[in-house]
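# Summary of the model geometry
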Amino acid sequence: MQHRIDPEKVGPQGEVMAHAIEACVHCGFCLPACPTYQVLGEEMDSPRGRIFLMKEVLEGSLSLEEAQPYIDKCLGCLGCVTACPSGVPYGELITSFRAYSEPKRRRPLFQKAFRMGLQETLPYPARFRAAARLGRLARPLKPLLPSFLRAPLELLPAELPPPEPLPERVAAEGERRARVAFLAGCAQQVLQPGFNRAALRVLARNGVEVVIPKGQVCCGALALHTGERERALRLARQNLRAFSGDYDAILTNAAGCGSGLKEYPLLFRGEAEEEEARALAQRVKDIAVFLVELGLREVPPLKEPLRVAYHDACHLAHAQGVRAEPRALLRSIPGVELVEIPEGELCCGSAGTYNLEQPQIAATLGERKARNILATGAQVVVTGNIGCHTQIQNHLRKLGQNLPVLHTVELLDKAYAGQL
Amino acid sequence: MTPALRELEILFPKGLLHRPGELAPYESDALTAFRARPLAVVLPESHEEVVAAVRWCQKHRIPYVARGSGTSLSGGSLPVEGGIVIALNRMNRLLRLDPKERTAVVQPGFINLQVSLAAAPYGLYYAPDPSSQPVSTIGGNLAFNSGGAHCLKYGMTSNHVLGAKVVLPDGETASLGSESLEGVGPDWLGLFVGSEGLLGIATEVTLRLLPKPEAYHTVLAAYDTLEKAGEAVAAVVASGILPGAMEIMDSLAIEAAEAAVGAGYPREARALLIVELEGEAPEVEAEAHHLEQVIRSSGAYEVRVAQSEAERMKIWKGRKAAFSAVGRLSPDYIVQDGVVPRSKLGQALAEIERLSERYGLRVANVFHAGDGNLHPLILYNGRVPGELERAEELAGEILRLCVALGGSITGEHGVGMEKRAYMPEMFSPTDLEAMRRIRQALDPLELSNRGKMFPGGEPRPPSGPHPLERAGVIVRE
């Protein structure tokens, strides 16, 4: 699409945005892949429409306030990137645009405080834990609270698992086949510490020595995707230092964190550490990809056959192109029958802090996902991302279903331990 | 807000868009060379609401255009500056599916591919398959008489629409066609299909479903020249085989499709021919042997046969993504759509190559070879001064070439905004006048999709004398 954007005027990400807009041919193939278009059915809430709006704002022919509501409604799920035949790097566009527009916009005071609150708690396990405790105490007050405070309360689990500090190093069992660094993730340490424990056990069992570097922090994706570039940079700089050692790979077991680390080259564009960021991003792998490449040590058969539905986390499938590997891992467990979820490419509505900031659309998508999962008749749902895990569990329960939701490595871990 | 707009807001309390941020994304369809800002967009949810919108437009003499997914490549759903867009995306339900009668009744915003998905449990499908089928709506398909790769065997949209409930430009409702294949009286439905939104808006469409072919046999043949591939098409047809589809892609198109979806095409081929046989298993098997001989003697240097449904889908995915994928090769391009008689394919392609060299612009070719429907994609960079004009000129030459070879200026994308200037190349003033009269009989103010299809575009005062009348050749009572 032609445009009249002057990249110089727009700032360090100007080139990136102009390039993405140029690549869009307005064909509309993104429409059926976009969750908000599916729900709202209006052009402004489609990827093609948003690209047009961003173009108009960057050209200066439309005010930011006019475009903002529709940019805000984008989940950043990148379903459109998978669908786009023309290769528009939509993720780079929306992330850069949010970074560009955030300092320019005026938000109501309570909204500012709420966003700041999220950014100051979620990435820090100790603070998040304290906030979650507070939130549970506040639950009886829910009907009295403003709507934007109700969404986070609903997502909090009734009982938080006790904190479990991770070791600095886990030795490989048997012959050592690889040595990796592990990103523990922030929110998942509080909500589901079992994910990391399972990951460490599965890695050790497969002959992988795991180092959990001290000094690592949240990857910064939460901040980056909501336009808080400076905050994201601060966090990312700490990680560049923490993960500078010599490892065969840097592993994550959360889709969002993995794609967050892979976005470092975009984040550091024009900064001194650009090269370093690129080098780090190249070594980042999702745990499923790493295990498939390594080759799993034999998994014992399940005691009874198990029907498993695998849910593609958007930040694995659309952002990182990882679809086959988690499925391959699950198939390598004898006794697992893998089923596909209808509309599998559609986001579950979790999308980082989206389900806190746009609870209505998030809930519509969450329910739709839960119903699609139930339609498969699966006994277990498996996914590779903490956000999806929380959202799906929440919406299955709302429908009165107690289908277990597990991380891919949890199922693998249970199979190794003979618990299934 | 003007009083007229306030009136519209009362009619559409939850379905009116009028703020700049809401209107901007509706400014163009898939032909972004044209854009126009409408006064408002309305989102009706029922037949009655479409009637209300059309009546409001009549009352205020404001032109309107119906819009589905906005995938038109000819600017067919481009708004009229200051007019109304009637967006039918909320009328997207399947109303009935009758597996015994093999029909489906859908609202206009229902997506083409969804028809086949809904019919699949009964072993049925909807045959017309434009490349935009995962996106484009039945209403839009109807308005532009959409084709697709498999129209070679099964015909265009017009061959698969049995009936339609439509809102005429004066706000009256008409039912055209019937649920059976045999209608009585003039073929009003035939007139309506392909009229590009000039004669009204369909609000309910009855579609014919076909039994899914029992077997497919999909062949991919690589050639070292485009002409050889073109000649192979003529040879296949001359041999008596009627494939479901026959498609050709040239090297630029192959490169783009590979980059987009990794279809696994032979990258170094100058031309790729896709032939698909479909039908009952024994019939397909017999034809496959025959086809193999024809292809082998056509000079293909590599021949592959899809061994599974997944391989077949991959071949088609590359082909169907090709248009948009060309966006990877060039910032801008014009998708052309012209038809030549099948026997003139080789000649047309050679001539297009010469034109491409003369204009210094790359032309990618992806087309429905079986029915001679060419889709040259003219690559240009809009930021280079004068390049768009050169590209448009080249596009015009290609269309003139199609007409000169005995073909037409559009196969399936329609005239829309893009080709209205070429209508006189194909039709005499008398032909055009006849079309205009039909239109004016239904829409004297020319409000419905004003500015499209007819050269010039601006409406003329209604009911002027016919040029032949003026010349004294014919006399009216």
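Above: the structure in question.
First, a word on scope: everything that follows refers to the structure included in this document. Quick caveat: nothing in here was measured; it's all calculated off a predicted structure. Counting restarts for each chain, with residues numbered from 1 along the sequence as it is written. Naming scheme: in the order in which they are written, chains are lettered from A and ligands are numbered from 1. Confidence filtering applies because this is a predicted model: local features only for residues at pLDDT of at least 70, side-chain atom pairs given and counted only at 80 or more, and all residues used for totals across whole chains, interfaces and linings. Hydrogens and water are ignored here; the side-chain numbers use all heavy atoms of the structure.

Now for the environment of P47 of chain A. Residue and element names in this part refer to chain A. Only DSSP runs of H or I reaching four residues or more are called helices, and only runs of E reaching two or more are called strands; each is numbered from the N terminus. Here P47 lies in helix α4 (residues 47–59). For every residue, the accessible area (1.4 Å probe, protein chains only) is compared with the maximum for its type, and the residue is labelled buried under 20%, exposed over 50%, or partly exposed between those bounds. Residue P47 is classed as buried on the basis of its relative accessible area of 4%. The spatial distance from the C-alpha of P47 to the C-alpha of C74 is 8.1 Å, given a sequence separation of 27 residues. Throughout, a contact is declared for two residues whenever any of their heavy atoms are within 4.5 Å. Setting aside chain neighbours within four positions, we find P47 in contact with C30, C34, C80 and Y90.

Attention now moves to unusual backbone geometry. With a phi angle near 65°, L78 of chain A is a residue other than glycine that sits in the positive phi range. Following the sequence through the fold, L78 of chain A ends up in the loop between α5 (64–72) and α6 (79–83). Residues other than glycine seldom take positive phi values, yet N145 of chain B does so here, at roughly 45°. Note that N145 of chain B resides in the loop between α5 (138–143) and α6 (151–154). Of the residues examined, N145 of chain B reaches a relative accessible area of 19% and is grouped as buried.

It is worth spelling out helix α8 (residues 109–121) of chain A at this point. Residues and elements named next belong to chain A. An expected span of 1.5 Å times one less than the residue number is assigned to each helix. Compared with an ideal rise of 1.5 Å per residue, which puts 13 residues at 18 Å, α8 spans 18 Å between its outermost C-alpha atoms and is within 8% of the ideal. What α8 keeps buried is the set F114, R115, L118 and Q119. Viewed along the axis of α8, the buried residues span an arc of 130°, placing them on a single side of the element. Facing away from the buried side of α8, by more than 90 degrees, are the exposed residues L109 and A113. Think of it as the arc spanned by the lines of direction from the helix axis to the C-beta atoms.

Note: strand β5 (residues 94–98) of chain B against strand β6 (residues 103–106) of chain B, four bridges, orientation antiparallel. Each residue of the ladder has a partner; that of R96 of chain B, found in β6 of chain B, is V105 of chain B. We call two strands paired when DSSP finds no fewer than two bridges between them.

Contacts between the two partners involve 39 residues from chain B and, on the opposite side, 30 residues from chain A. The term buried area means the drop in 1.4 Å probe accessible area that two parts suffer when joined, counted for both and summed. Interface area, chain B with chain A, both sides summed: about 2,700 Å², of which 52% is carbon and sulfur. Area buried by chain B at its contact with chain A is led by P25, S324 and R383 of chain B, which between them contribute 19% of it. Any carboxyl oxygen of Asp or Glu that lies within 4 Å of a side-chain nitrogen of Lys or Arg is treated as forming a salt bridge with it. Between the two partners, chain B and chain A, sit five salt bridges. The partner of E56 of chain A in a salt bridge is R35 of chain B, and the shortest N-O contact between them spans 3.1 Å. Each polar contact in these results corresponds to two N or O atoms within 3.5 Å; when the atoms are within protein, one needs to be able to donate a hydrogen and the other to accept it, and residues that are neighboring in sequence are counted only if both atoms are side-chain atoms. At the surface where chain B touches chain A, the tally comes to 12 residue pairs in polar contact (both at pLDDT 80 or more). Elements represented by at least two residues in the side of chain B that touches chain A include exactly α2 (20–23), α11 (309–325) and β16 (332–335) of chain B. Considering each element in turn, the side of chain B that touches chain A owes the most residues, four residues, to α11 of chain B. The nonpolar class holds Ala, Val, Leu, Ile, Met, Phe, Trp, Tyr, Cys and Pro. Asp, Glu, Lys and Arg form the charged class, and all remaining residues, Gly among them, are polar. Grouping the amino acids of the side of chain B that touches chain A by side-chain chemistry returns 15 nonpolar, 12 polar and 12 charged.

All names here are of chain A. Pairing of aromatic rings covers Phe, Tyr and Trp, the last through its six-membered ring, and needs centres within 6.5 Å; plane angles under 30 degrees mean stacked, over 60 mean edge-to-face, and all others mean tilted. One pass over the full model with this rule turns up two aromatic pairs over all chains. Arranged with centres 5.8 Å apart and planes meeting at 45°, the rings of F97 and Y100 form a pair that is tilted. One end of the pair, F97, and the other, Y100, are both in helix α7 (residues 90–101), three residues apart, so they sit about a helical turn from each other. Classification of F97 by relative accessible area gives buried; the value is 0%. According to the relative accessible area criterion, Y100 is buried, its value standing at 18%. Taking the centre distance of 6.0 Å and the plane angle of 75° together, the rings of Y264 and F268 count as edge-to-face. Classification of Y264 by relative accessible area gives buried; the value is 1%. On the basis of relative accessibility, which here comes to 0%, the residue F268 falls in the buried class.

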